[in-house]
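Given next are the chains, with one letter for each unit.
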Amino acid sequence: MPEQLVKFYQTGTFTVGNRLLAPEQRTVQASIERSNSLNSGHRACQGCGEALGARYAIDAAMRATGKRLIAANATGCLEVFSTPYPESSWQLPWIHSLFGNAAAVGTGIAAALKVRALKAGQAESSVRVVAQGGDGGTTDIGFGCLSGMFERNDDVLYICYDNEAYMNTGVQRSSATPPAARTATTPAMGAEPGNVFGTGKNVPLIAVAHQIPYVATASVANLRDLEHKVTRAMEFRGARYLHIHVPCPLGWGSAPADTIRIARLAVESGLFPLFEAINGEIASSTPIRRRVPVVEYLKLQKRFAHVVGAGGEARLAHIQAIADRNVMKFDLAREPA
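Trainee: Please set out the state of the cysteines residue by residue, giving values where relevant.
Mentor: Applying the stated criterion across every chain yields a total of 0 disulfides. Lacking any disulfide linkage, C48 is separated from the closest cysteine sulfur, that of C45, by 6.5 Å. Here C160 stays free of any disulfide, with the sulfur of C77 as its closest cysteine sulfur at 13 Å. Residue C160 is classed as buried on the basis of its relative accessible area, which comes to 0%.

Trainee: So what's going on with the nonpolar core? Residues and values would help.
Mentor: Residues I58, L69, W90, I159, Y161, L242 and I244 are the most contacted members of the largest nonpolar core, which totals 38 residues. Counting only elements with at least two residues in this core, the list comes to helix 1 (49-64), strand 1 (69-73), helix 2 (77-82), strand 4 (157-162), strand 5 (214-219), helix 7 (223-233) and strand 6 (240-245). With 8 residues, the single largest contributor to this core is helix 1. Apart from residues no more than four positions distant in its own chain, I159 is found in contact with A57, I58, V130, A131, Q132, G133, L242 and I244. Ranked by size, the runner-up nonpolar core spans 30 residues in total, among them Y158, A207, V215 and F275.

Trainee: Can you explain the pairing of strand 6? Please cite residues and give values.
Mentor: Most of strand 6 is tucked away: 6 of the 6 residues are buried. Relative to strand 6, strand 4 is paired through 6 bridges, and the arrangement is parallel. Following the sheet pairing, D162 is matched in strand 6 by H245. Pairing of strand 5 with strand 6, which is carried by 6 bridges, proceeds in the parallel orientation. Across the sheet, T217 pairs through a bridge with H243, a residue of strand 6. For the handedness criterion, the β-α-β arrangement of strand 5, helix 7 and strand 6 is classed as right-handed.

Cut-offs and rules
- Residues numbered from 1 in each chain as written.
- Predicted model: local features only at pLDDT ≥ 70, side-chain atom pairs only at ≥ 80, totals over all residues.
- Heavy atoms only, no water.
- Disulfide = S-S within 2.5 Å.
- Buried < 20%, exposed > 50% of the residue type's maximum accessible area, 1.4 Å probe, protein only.
- Core = buried A, V, L, I, M, F, W, Y, C linked by side-chain atoms within 4.5 Å.
- Helix = DSSP H or I, 4+ residues; strand = E, 2+ residues; numbered from the N terminus.
- Contact = heavy atoms within 4.5 Å.
- Pairing = 2+ DSSP bridges.
- Right-handed = clockwise from strand over helix to strand, strands pointing away.

In structure tokens:
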């Protein structure tokens, strides 16, 4: 019988296929030397996208900094499920801030590290700082502190884990909640059910407008891209912002097993474009390899049941138009390099 070549397609996990990649090409999560910064034992819901996003991001930041990293964490789901007193799942210096001042606390830590470095005769500290929070603590309650951090160009990487509502307090609308989505404060009833069109804010683009050194969006569905962007962010000094899309099965009414699938569809539909910006200019974007209509993304979530069902055609078309504009704005329809 003639020999047959065996091709392994899974090259980013602990599977045998990972051995086909050079060590420097493997993901942080595929390495037995990963820091496990957000360790097992936390109390996140099954299928929690935020738990995945935080683990991926902080492990990548730990590798990029040689494990010389301090994190400030806003109040919210991530803080609550990872640190039920007197326990903690964090394996790095970690500080709990208030709901709205994680950026300010991170700034304070960075300032203290800078003073200590100067007293030691060093130009800058080798210990780096990450501040992190959900979309409620970032786009709403903490927005003033975040803008101040950007304006001063403080040496902090701020990471927003965007699950598109205040999930920890009962799924209330935030300024990151998409149009037409059902939440506890935007119920699916009346002539215009769900969240109002034309509201909210795009914090990644607001961060770009501050002309800070580095801004990027990422998704838990694209681990390599996420880890690359965290690593890239750590190459800069000054204010940096990373906005990670993290589906929430509980708040979105989706199956826990579909978290990564839903995150991927958000990108493939054009509703969540992946891009990088440097010093106020869009530097790159990730083209969509297989574009899908937005209904493929929406139909997996009960929060959009009134949109994909009978009578929701006009609102569905409006959401599709938003995705179409994103595809044009960020040039997502071009052929991948």
